[in-house]
Amino acid sequence: MLERIREGSKGVTAKVILGLVIATFIFAGVGSYTNTVNTSVATVNGEEITQQAFQEAYRQQRNRMQSQFGEMFATLEANDAYMANLRASVLEQLISEELIDQNAMALNLRVGDAQIKKTILEMPEFQLDGKFDNARFQALIQQAGFYDASSFSKYLSETMVRQQLVQSISTTEFSLPYQQEMMVKLVNQTRDVRYAILSTEGFKDSIDVSEQEIEAYYQENQPRFATPEMVKLEYVELNLDDIAKDVSVTDAQAQEFYENNMSSYSKQERRRAAHILIEFGDDKDAAQAKAEDVLAKAQAGDDFSALALEHSADTFSAENGGDLDWQTQGSMDETMDTALFSVTQEQPIADLVETDFGFHIIKMTDIEAEQIKSFDEVKEEILATIKNDQALELFYEQQTVMEQLSFESSDSLDEVATALNREVKTTDWLTRSGNVEPFNNPDLLATAFSSELMEEGLNSEVFEVMPEQQSIVVRVADYQAADTKPLADVTQEITVLLTQQKATEVARTKADEIIEVVKSGNDADAALSELDSEFVEHAALTRMDATVDGAIVQSAFSLPQPQGDALSVSSIEIANGDYAILQVVAVNEGSASEQDANLAEQQQRMLSQSAYATYIEQLKANAEIVRTLSKADATLY
């Protein structure tokens, strides 16, 4: 349907209307509109956090989560509330970072050039065989978006200042040796216990559940028996891989493609560059005069490496003769790139170049000519490329047919399937979230549950659920509104549940009676035996003991130590509804050995994290923060 609208927009009338709309913007002034719109997602003490910064941070966080959770992330992503919380947490993190930067600036925190240089030289990412490698350094920072060492040093300086402030806050917390010893001993403490479990199964035969009780529980717990809105869809899909199976390509076609696309199989010319950077400083004219003087010396034949070592502000490259490694056209700053690729081997030094960082004297130190791969080397690659291109062309041709026929015969998918030699398939029941691919696509699901499809019985538009890979058109085959299961369908379920609840209550009463027997100093073995149970002795129970039910372990370390005649005894409900009688017989003090030093480190970390969280909350409390990212805006990300 949207394709129809797009085609219609090419008509004369549509073009006239579009021209009037454009004219309106011209006369009204686009600038007056954009100047009044705040496109930031938040402001922190007047400083804006841009949508671009938010989008990039959100994208990175989604990528990390997708890598961590794998296929399960699709389920999380379908949960609108979860993703809204994720967006909110990303925004709060950006606000926290801005507050840290502002506070660091207010405190005049700085990192010296020597420290930055030392940090870079020691970073393992830039080392080969344990030593700093300038070529590796230049290549990696350019891959990361930094076109020279100065821009990377500036970024690193900002990061290190932020870390300096955060560390100064978190490292102020400490725990004294006696506190660490207490914690280690507490964690390593063991307890001698005895417990008996009263199974509820033996009580269920004597329990009756009335119809009135079932009815009352049903009425009071309606949400428990709700069924979600569901839909079954008929669909026809196009898949690029299926189309490609029917495409064949000849060697002659591959040869022709190779000859027509020779540039794609050539290796770009590479030039090795060296530079000398003269920063503007406080006097730009003086900097330019110095740069021109150094340029003149270089052109006169003075040793370029010595000049770089003496004059260049880019100290990292200067130690290597100003070397910037191999460059291809377009890989550096535009002005530097133009200069490097305009010189010749006879005159390898370019005229003075100005960038945001200062004046550059650039020299080409080596050159690699363009290299072309032979047809035999790239034949298989070309065959695969042509096959994919032809399949893609067929894919779009068939997609156009799919769009046209699904619109013209909007009450059925049969014509679409016949024309494309595909079959009409039917899904299982789908809900609004948590479905398998491709039916987890948010736009497709929104359409599937729309009144246009459910009430009017129309075909959907064509959804390209995987760009250039898979397209699909759907229609509603069956629909089930959200509802509550009738009482008759859940009577058995409620009966089992209420029976268990009553059996648990009986077990609790029996457990309390036995506890009174124990507290009175009498032997409870006979009473337990009647209930087909007995006390189990467990010496030196630890907090991490997996052989005992978790509820019993947790309760064992929550009960007070036994004191004289005062017994430490209690009853506990277990996850399956059974009840346990637990008695702490003795408490054994834990040891604080060297092997438990990591627990002291954990305590230190917890204190540091708490201090940092308090610091951030205090900054936020004293800041003027305006969050302008609305829920509607957030859905765009």
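Residues numbered from 1 in each chain as written. Predicted model: local features only at pLDDT ≥ 70, side-chain atom pairs only at ≥ 80, totals over all residues. Heavy atoms only, no water.

(A) Spatial organisation of the overall build of the protein chain. Broken down by element type, the protein chain carries 27 helices and 21 strands. For the protein chain, the proportion of its 637 residues judged to be buried stands at 36%. Of the roughly 37,400 Å² that the protein chain leaves accessible, carbon and sulfur atoms contribute 49%. (Helix = DSSP H or I, 4+ residues; strand = E, 2+ residues; numbered from the N terminus. Buried < 20%, exposed > 50% of the residue type's maximum accessible area, 1.4 Å probe, protein only. Areas by Shrake-Rupley, 256 points an atom, 1.4 Å probe, with all protein chains shown as cover.)

(B) Quick look at the pattern of salt bridges. The full count for this structure, using the stated rule, is 22 salt bridges. For E319, the salt bridge goes to K117, with nearest N and O atoms at 2.4 Å. Taken as a pair, E319 in the loop between α17 (315-318) and β10 (323-328) and K117 in helix α7 (residues 113-122) lie far apart in primary sequence, 202 residues in all. E319 sits in the partly exposed class, given a relative accessible area of 46%. A salt bridge links E201 to K204; the shortest N-O distance between them is 2.8 Å. Of this pair, E201 and K204 both sit in helix α11 (residues 201-204), 3 residues apart, which is roughly one turn of the helix. Residue K204 is classed as partly exposed on the basis of its relative accessible area of 21%. Here the salt bridges do not stand alone but share partners, grouping E92, K620 and R627 into one network. (Salt bridge = Lys/Arg side-chain N within 4 Å of Asp/Glu carboxyl O.)

(C) Expanded view of a nonpolar patch on the surface. A surface patch of nonpolar side chains, about 320 Å² in accessible area, is lined by L176, Y178 and M182. With respect to the helices, strands and loops of the structure, M182 is situated in helix α10 (residues 177-187). (Patch = residues over 30% accessible without salt bridge, like charges linked within 9 Å, V, L, I, M, F, W, Y side chains within 5 Å.)

(D) Examining unusual backbone geometry more closely. The amide bond that connects E437 to the next residue, P438, takes the cis arrangement and shows omega of -5 degrees. Among the structural elements, P438 can be located in the loop between β14 (425-426) and α21 (442-448). Within the chain, N108 stands out as a residue other than glycine whose phi angle is a positive 60 degrees. Along the chain, N108 turns up in the loop between α6 (80-106) and α7. Relative accessible area serves as the criterion here: at 55%, N108 is assigned to the exposed category. Even without being glycine, D325 reaches a positive phi, approximately 70 degrees. Here D325 lies in strand β10. By relative accessible area, D325 is classed as buried at 13%.

(E) Geometry of the environment of F257. Mapped onto the elements of the fold, F257 is located in helix α14 (residues 251-260). Between the alpha carbons of F257 and K379 there is a distance of 9.9 Å; along the sequence they are 122 residues apart.

(F) Local environment of the packing of helix α12 (residues 211-220) against helix α23 (residues 487-519). Running from N to C, α12 and α23 cross one another at 105 degrees; their axes reach a closest spacing of 9 Å. It follows from the interaxial angle that α12 and α23 lie roughly perpendicular. Along its contact with α12, which presents E213, I214, E215, Y217 and Y218, the element α23 presents L487, V490, T491, I494, T495, L497, L498, Q501 and K502. When the residues that make up the contact of α12 with α23 are grouped by side-chain class, the tally is 8 nonpolar, 3 polar and 3 charged. (Axes fitted to C-alpha atoms, helices over the stretch in contact; angles between N-to-C directions. Parallel < 35°, antiparallel > 145°, perpendicular 65-115°, else oblique. Contact = heavy atoms within 4.5 Å. Nonpolar A, V, L, I, M, F, W, Y, C, P; charged D, E, K, R; others polar.)

(G) Summary view of the environment of D443. As for its position among the elements, D443 is in helix α21. Relative accessible area serves as the criterion here: at 54%, D443 is assigned to the exposed category. Considered as a pair, D443 and F463 are 20 residues apart in the sequence and their alpha carbons are 8.2 Å apart.

(H) Quick peek at the nonpolar core. In this structure, I95, I120, F137 and F152 are the most contacted members of the largest nonpolar core, which totals 39 residues. Here this core takes 9 residues from α6, the largest share from any one element. Not counting residues within four places of it along the chain, the set of residues in contact with F137 comprises I120, F126, F132, A149, F152 and F316. Formed by 25 residues, the second largest nonpolar core is a distinct cluster that contains V209, A511, V518 and Y579. (Core = buried A, V, L, I, M, F, W, Y, C linked by side-chain atoms within 4.5 Å.)

(I) A look at the sheet that holds strand β21 (residues 625-627). Strand order in the open sheet made by the 3 strands is β2-β1-β21, with antiparallel pairing throughout. Every interior strand has two partners, whereas the edge strands, β2 (47-50) and β21, have only one. Averaged over all pairs of adjacent strands, the angle between their axes in this sheet comes to 20 degrees, without regard to strand direction. Across 4 bridges, strand β1 (residues 40-44) lies against β2 in antiparallel orientation. Each residue of the ladder has a partner; that of T43, found in β2, is E48. Relative to the sheet, helix α4 (residues 51-69) contacts β1 and β2, its axis offset from that of β2 by approximately 50 degrees. (Pairing = 2+ DSSP bridges.)

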